[in-house]
Protein chains: 2
Amino acid sequence: MARSCVGLLGASGETGRSILEGLLEDGNFDIIVLARPASLSKPANVAFKDKGVQLRAVDLGASEDSIVSALQVPLATAAKKAGVQRFVPCGFAPAMPVGVHMSRDQKEVVYNHVKRLHLPYTIIDVGWWYQFSFPKLPSGKIDYVVGLPGQRIPGDGNVPSALTDLRDIGRYVAQVIRDERTLNAMVFVHNEMWTSDQIHDLLEQLSGETIPREYASAEEYERQIVEADTKLKDNPEELASSTIQKVASQYYLSWGIRGENTPEYARYLGYLDGKKLYPDVKFTSFESYLQEVVSGKAKGVYQDSRPLFEKANKKAH
Amino acid sequence: MARSCVGLLGASGETGRSILEGLLEDGNFDIIVLARPASLSKPANVAFKDKGVQLRAVDLGASEDSIVSALQVPLATAAKKAGVQRFVPCGFAPAMPVGVHMSRDQKEVVYNHVKRLHLPYTIIDVGWWYQFSFPKLPSGKIDYVVGLPGQRIPGDGNVPSALTDLRDIGRYVAQVIRDERTLNAMVFVHNEMWTSDQIHDLLEQLSGETIPREYASAEEYERQIVEADTKLKDNPEELASSTIQKVASQYYLSWGIRGENTPEYARYLGYLDGKKLYPDVKFTSFESYLQEVVSGKAKGVYQDSRPLFEKANKKAH
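Here is what the cut-offs are and how they apply
In this numbering scheme, every chain counts its residues from 1 along its sequence in written order. Following the order in which they are written, the chains are lettered starting with A and the ligands numbered starting with 1. Local features are withheld for residues below a pLDDT of 70 in this predicted model, meaning they are given only at 70 or higher, and side-chain atom pairs are given and counted only at 80 or more; totals for whole chains, interfaces and linings count all residues. No hydrogens and no water enter the side-chain calculation; it runs on all heavy atoms of the structure. Here, a strand pair is defined by DSSP locating no fewer than two bridges between the strands. Secondary structure elements follow DSSP: runs of H or I of four or more residues count as helices, runs of E of two or more count as strands, with numbering from the N terminus. Angular values range over 0 to 180 degrees, each being the angle between N-to-C directions of two axes fitted as lines to C-alpha atoms, with helices fitted over their stretch in contact. Buried Ala, Val, Leu, Ile, Met, Phe, Trp, Tyr and Cys residues that are joined via side-chain atoms within 4.5 Å together make up what is termed a nonpolar core. Think of it in three bands: residues with accessible area under 20% of the maximum for their type are buried, residues over 50% are exposed, and the middle band is partly exposed, with areas taken using a 1.4 Å probe on protein chains only. Contacts are residue-level and defined by heavy atoms, with any inter-residue pair within 4.5 Å sufficient. Summed over both partners, the accessible area lost on bringing two parts together, with a 1.4 Å probe, is the buried area. Criterion for a salt bridge: a side-chain nitrogen of Lys or Arg within 4 Å of a carboxyl oxygen of Asp or Glu. Side-chain atoms alone can form a polar contact between residues adjacent in sequence; in general such a contact is a pair of N or O atoms within 3.5 Å, and within protein one must be able to donate a hydrogen while the other accepts it.

Caption draft 1: Representation of the sheet that holds strand E4 (residues 122-125) of chain A in the model. Residues and elements named next belong to chain A. Reading across the sheet, the three strands line up as E4-E8-E11 and stay open at both edges, with parallel pairing between neighbours. Whereas interior strands pair on both sides, the edge strands pair on one side only; in this sheet they are E4 and strand E11 (271-273). Across the sheet, the mean angle separating the axes of adjacent strands is 30° when strand polarity is ignored. As paired elements, strand E8 (residues 185-188) and E11 share three bridges and run parallel to each other. In the sheet register, Met186 faces E11, and the bridge partner there is Tyr271.

Structure follows, in structure tokens:
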């Protein structure tokens, strides 16, 4: 296969790291990590050089704390001017319609900008992470990796949702971005389908503990969204934790109650089905991932943000 | 083929009439024309009964002058409750991205509502009408059918645009709505590709007249949009003519300058290509349509709105 050159913005984020690893593992890509001038000397970026990755400063005229979607608009414009052959905006989320989730709607702004530019694109969504898919154990022994707020089970616990190991995302990306079938298209990839109750059953089986099950209704999540919106308006100093409370509730409503995070609903929205395109991609099964978790060998995600998650977690209960 | 039941809102509009004729011609559909209670006794609606079409009152809780997109939101909600198997929102326009055209953006609101409902859908776009595709002749002999404002040629006149005879739309719709391949998808159908200069050449050839060619730049259309926006804000009594000025300029920019109204760009946006799906559909060639026009046998569109078009036309020059 001819080598392709990939520019990667956000390589030090959770999804960005997975994509970088997936492209390196594949071996057919020349990778340029894009970073803001002020970030070039950060240890995470310096470390990329040791992996044979180029580092390049990109000035997008946006401030340090700009949200990813704001950075992507000037990046897409620059990509169009540079004749980039395929732009992959930041999707990498569960399948959702427009108008039900704050982050999804911010991404739609980028997608529409890309389309107005007539810039070749591929939108990749990946379902819900394994890493956010399981509850704490009563013994506390897996607290070291539990992240998102909300230990309760959305709805009746019987809604199937598409799960993907964060570490497998890059592997899918390496397949998708060299595939002509996915040019100017949306692709939905995932590892396995699980319901919340099935996950609880499996974790009980693997740990030998009994996990209390508390179910949360749609109304409860709607109430939390209203509460978060009020806080966002009145207490801007609680921006981060209120935003987490809001987006988490919107996710639970979408995948846990309305059942939108499935290959079927993604197909309904216009996505190609990654399972059909790439039936042979190797991925970690959810069971073996959960075994890692219970055996104390898993790695937490968003480690820097854990205090925030804990705060939002407390508020949500 | 099993008969299907089709409910049709807006059957007395230009596109609605074409769809009704297309479904009747096909012969495999039971048709129910939906009309607001107050409109049931209108002559146009009464006339439908003579064609073997049922008439049914539908109260969408919207006022008489509500725009179609506002009517469609409660209609989609009702369709979901009624278990409608396929909802076809009002598309029937040239291919365009979100964020460049007022009408397209109003439609996006409906599309997103439909998707949040998980209501099965098909979005059908049809390119630009033959009926709005040609200039006046110096002799005035085809003034009887010329409609939209703007006799000038967008850009350099060499941008191909997908044209469809308004009267053929219904024929395509009859194909699309019984096709499983188009369920939960967008479809772009069109008759032929023409550039503005080619159209002028053909009309000169058919009429024996020489048509003066004045070209309008992107900046000129942008200026007209700003002017229309100002009028819309300051002179609400000019709502209709200013809106026509705005949407016409936005159309010319899209199909005449950016070249968005093509099957290729539609494919880029995610549409299926009607030419590939239905290669055998019979349609009127643009040349034979233009012969009708020159011979005085064509029928004008939007006859009731012609004074408005004339007014917008004068303003735009």
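Caption draft 2: Summary view of the nonpolar core. By size, the foremost hydrophobic cluster in this structure holds 60 residues, and its most contacted members are Phe134(B) and Phe286(B). Apart from residues no more than four positions distant in its own chain, Phe286(B) is found in contact with Tyr130(B), Ser133(B), Leu163(B), Glu192(B), Trp194(B), Ile199(B) and Leu202(B). Grouped together as the second largest cluster of nonpolar side chains are 59 residues, Ile31(A), Phe132(A), Val187(A) and Leu202(A) included.

Caption draft 3: Main features of the sheet that holds strand E3 (residues 54-57) of chain B. Residues and elements named next belong to chain B. Ordered in space as E1-E2-E3, the three strands form an open sheet in which the pairing is parallel. Of all strands in the sheet, those bounded by a partner on one side alone are strand E1 (4-9) and E3. Looking at each pair of strands side by side, their axes are set apart by 30° on average, direction ignored. Note that strand E2 (residues 29-35) and E3 share four bridges and pair parallel. What sits directly across from Leu34, in E3, is Arg56. Packing of helix H1 (residues 14-26) onto the sheet brings it into contact with E1 and E2, and relative to E2 it is tilted by some 160°.

Caption draft 4: Structural view of the interface of chain A and chain B. Facing the 22 residues of chain A at the interface are 22 residues of chain B. At the boundary of chain A with chain B, total buried surface from both sides reaches about 1,600 Å², with 49% on carbon and sulfur atoms. Of all residues in chain A, Arg116(A), His118(A) and Tyr268(A) bury the most surface against chain B, accounting for 40% of the area lost on that side. For the pair chain A and chain B, the number of links is zero salt bridges. Between chain A and chain B we count 14 residue pairs in polar contact (both at pLDDT 80 or more) in total.

All we've got here are geometric facts, nothing functional implied.
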